Amino acid sequence: MTDVQQFSCTVNGLQVSTAVDTRTSAADFLRQELGLTGTHVSCEQGVCGSCTILVDDAAVRSCLLLAMQLHGAVVETVESLGGLDELSTLQQTFSAEHGLQCGFCTPGILMTVEAAKRAGTSAVAVVDELLPGHLCRCTGYDNIRKAVQVYLSPEA
Amino acid sequence: MKPAAFRYRAVGSLEEALDVLSEHGEDVTIIAGGQSLMPLLNLRLARPEILLDINRIADLAFLEITADAVKMGAMTRAATVEHHAEVKQVLPVVPQAIAHIGHPQIRNRTTIGGNVAHADPSSELPGVLACLEGSVQLQSKTRGTRTVGWEDFFQSVFTTDKQPDELVTGVTFPITEPWRYSYQEVAARHGDYPVAGVTVGILEQAGVLEQVRISVVGVADRPVRLRTLEERSSGMAATAATAAVLGRFARNEVPASDDVHVSAEYRKAIVGTLVSRTVSSLLEEIGP
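Predicted model only: the values in this text are computed from it and were never measured.

Regarding its fold elements, chain A presents five helices and five strands. Reading chain A from its N terminus to its C terminus gives the helix and strand order β-β-α-β-β-β-α-α-α-α. Relative to its length of 156 residues, chain A is compact, with a C-alpha radius of gyration of 16 Å against a globular reference of 15 Å. Viewed in the frame of its principal axes, chain A has a C-alpha envelope of about 55 × 30 × 25 Å. Within the span of chain A, comprising 156 residues, buried residues form 55% of the whole. Carbon and sulfur atoms make up 49% of the accessible area of chain A, which amounts to about 6900 Å² in all. Within chain A, one finds 8 positive and 17 negative side-chain charges whose respective centroids are separated by 7 Å.

Next up, the structure:
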């Protein structure tokens, strides 16, 4: 029994209208249907944060959403940051501050910080409350915290 | 794709949702925030015939504050309540407890109705509801609406009084001025389900604890109230020494069993510590 249904949403500024098997997760849809493999999947139970994307400006786990639940939403993935030839300021800051090593967790972290920037969340709140929603197994977090500090409060 | 195949129904109104539940009740699983359900679907521990998505029912996302209660819709997001300035003022224990649910990225999706209807025995809000003596609103097509108190609603692990043709439409958290409430928990990591979580309510007058209410989650198949402690503590002095005594009472009274994470003794000790800590913090708020 396959249940295929139609839905539409905006992904990184492009209007997408398509049909999916309704049990497809948002993460699998973005990666496998749209080829946006910057969104990473790891734990697939909401703990690790590597699949974090923006849905209507809110940072959410794409592994715990169905593709169908993106209907009518504005979706943004890590591919929306910067361009092919130039990194965004957020990305440049993470690079300059060594806020990553292997980079697997980085797309999710970048999307969380992007949402925080838009919401006007303080660097302290991001470090204390939002970063714990992301697991990084390489860096020990010091440089990730530093990159967040520098990006959100450059004057400090 | 990890979940077993299901038929997906996204409905835009409460009437449509109740129609689906009325016709297919036993075969339906309702998805709200999905933050607990999606992993269960992925692991195929949940294999519904029909997945009923209520996210598009705008009427179910409300928050209403009256003189004696904060009423929330089933689809009201945890993050909305957590950052709601007025709720923080009239019933701070609710945002305080919500801050322990998963991570902010999870709470952007978590719903009040879903959290309560899921009835995880370690979950924070059911414990708060037990301490505040709150209630849950249910609605079905044929039998209309009914309100069920927390004690009848939570029946066992993942099991509530909700019937297959019913939808949880809202949750009521009573405001009981001048009671003061606080929630604290111990978890292996912030964002994990707690080893134990306690909600304490105190009614203090002129340096005396007139009444105390304590609920505990993570220790039994549903939230439990420590009734013996509540009776014994009435009339005790509102002092640090009392906070320590209440911790001992709690440790002695709370049911607990061993599990893969911790021993029963450890869990009881945690509850004792949490109770004395939480009572202390409430007494400090009041001041001398």
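Having seen the model, we can carry on.
As a further point, take the packing of helix H11 (residues 240–253) of chain B against helix H12 (residues 264–286) of chain B. Residues and elements named next belong to chain B. Contact geometry of H11 with H12 gives a least axis separation of 7 Å together with a crossing angle of 150°. By the criterion of interaxial angle, the relationship of H11 to H12 is roughly antiparallel. Of the two possible hands of crossing, H11 and H12 adopt the one that is right-handed. For the pair H11 and H12, contact is made by Ala243, Ala244, Leu246, Gly247, Ala250, Arg251 and Asn252 and by Glu265, Lys268, Ala269, Val271, Gly272, Val275, Ser276, Val279 and Ser280, respectively.

Turning to the sheet that holds strand E12 (residues 196–205) of chain B, a few remarks are in order. All names here are of chain B. Taken together, four strands build an open sheet; the order of strands is E11-E12-E13-E14 and the sheet is antiparallel. Of all strands in the sheet, those bounded by a partner on one side alone are strand E11 (180–186) and strand E14 (224–225). Pairing analysis gives two bridges linking strand E13 (residues 208–217) to E14, with the strands arranged antiparallel. The partner of Ser215 across the bridge, within E14, is Arg225. Across the sheet, helix H8 (residues 124–132) touches E11, E12, E13 and E14, and the angle it forms with E13 is around 150°.

To continue, consider the domain arrangement of chain B. All names here are of chain B. The domains assigned to chain B are domain 1 (7–53), domain 2 (59–174) and domain 3 (180–286). The centre of domain 2, based on its C-alpha atoms, is set 21 Å off from the matching centre of domain 3. Each partner contributes residues to the interface: domain 2 has 25 residues there, and domain 3 has 22 residues. Of the roughly 2100 Å² buried between domain 2 and domain 3 on both sides combined, carbon and sulfur atoms contribute 55%. Three residues, His100, Ser122 and Cys131, lead the burial of domain 2 against domain 3; their summed loss comes to 26% of the area buried on that side. One can count three salt bridges joining domain 2 with domain 3. Salt-bridge contacts for Glu133 lead to Arg213; the nearest nitrogen and oxygen are separated by 3.7 Å. At the junction of domain 2 and domain 3, the tally comes to 12 residue pairs in polar contact (both at pLDDT 80 or more).

Turning our attention to the interface of chain B and chain A. Taken together, the contact pairs 27 residues of chain B with 31 residues of chain A. Contact between chain B and chain A buries roughly 2400 Å² in total, counting both sides, with carbon and sulfur atoms accounting for 58%. The largest per-residue losses of area from chain B upon contact with chain A belong to Met1, Tyr8 and Gln105 of chain B, which jointly make up 29% of the total buried on that side. Applying the counting rule to chain B against chain A returns one salt bridge. Ionic pairing is found between Glu44 of chain A and Lys2 of chain B, a salt bridge with its closest N-O pair at 2.9 Å. Summed over the shared surface of chain B and chain A, the result is 10 residue pairs in polar contact (both at pLDDT 80 or more).

Now for the packing of aromatic side chains. One pass over the full model with this rule turns up three aromatic pairs over all chains. Arranged with centres 5.2 Å apart and planes meeting at 65°, the rings of Phe7 of chain A and Phe29 of chain A form a pair that is edge-to-face. Here Phe7 of chain A is found in strand E1 (residues 4–11), whereas its partner Phe29 of chain A is found in helix H1 (residues 26–33), with 22 residues between them in sequence. For Lys117 of chain A, the ring lying beneath its charged end belongs to Tyr151 of chain A, and the centroid distance is 4.8 Å. Directly above the aromatic system of Phe249 of chain B lies the positively charged group of Arg232 of chain B, at a separation of 3.8 Å from the ring centroid.

As for its placement among the helices and strands, Gly133 of chain A is situated in the loop between helix H4 (123–130) and helix H5 (142–152). The class of Gly133 of chain A is buried, set by a relative accessible area of 0%. Taking C-alpha positions, Gly133 of chain A is 22 Å from Gln92 of chain A, a pair spaced 41 residues apart along the chain. Not counting residues up to four positions away in its chain, the partners in contact with Gly133 of chain A are Val47, Cys48, Gly49 and Arg61 of chain A together with His103 and Gln105 of chain B.

What counts as what
- Residues numbered from 1 in each chain as written.
- Chains lettered and ligands numbered in written order.
- Predicted model: local features only at pLDDT ≥ 70, side-chain atom pairs only at ≥ 80, totals over all residues.
- Heavy atoms only, no water.
- Helix = DSSP H or I, 4+ residues; strand = E, 2+ residues; numbered from the N terminus.
- Rg over C-alpha atoms; globule rule 2.2 N^0.38 Å.
- Buried < 20%, exposed > 50% of the residue type's maximum accessible area, 1.4 Å probe, protein only.
- Areas by Shrake-Rupley, 256 points an atom, 1.4 Å probe, with all protein chains shown as cover.
- Lys, Arg positive; Asp, Glu negative; His and termini not counted.
- Charge placed at Lys NZ, Arg CZ, Asp CG, Glu CD.
- Axes fitted to C-alpha atoms, helices over the stretch in contact; angles between N-to-C directions.
- Parallel < 35°, antiparallel > 145°, perpendicular 65-115°, else oblique.
- Left-handed = near helix turned anticlockwise from the far one by under 90°.
- Contact = heavy atoms within 4.5 Å.
- Pairing = 2+ DSSP bridges.
- Domains from an automatic or database assignment.
- Buried area = accessible area lost by both parts, 1.4 Å probe.
- Salt bridge = Lys/Arg side-chain N within 4 Å of Asp/Glu carboxyl O.
- Polar contact = N/O pair within 3.5 Å; in protein donor to acceptor, adjacent residues only side chain to side chain.
- Phe/Tyr/Trp six-rings, centres within 6.5 Å; stacked < 30°, edge-to-face > 60°.
- Lys NZ or Arg CZ within 6 Å of the ring centre and 35° of its normal.

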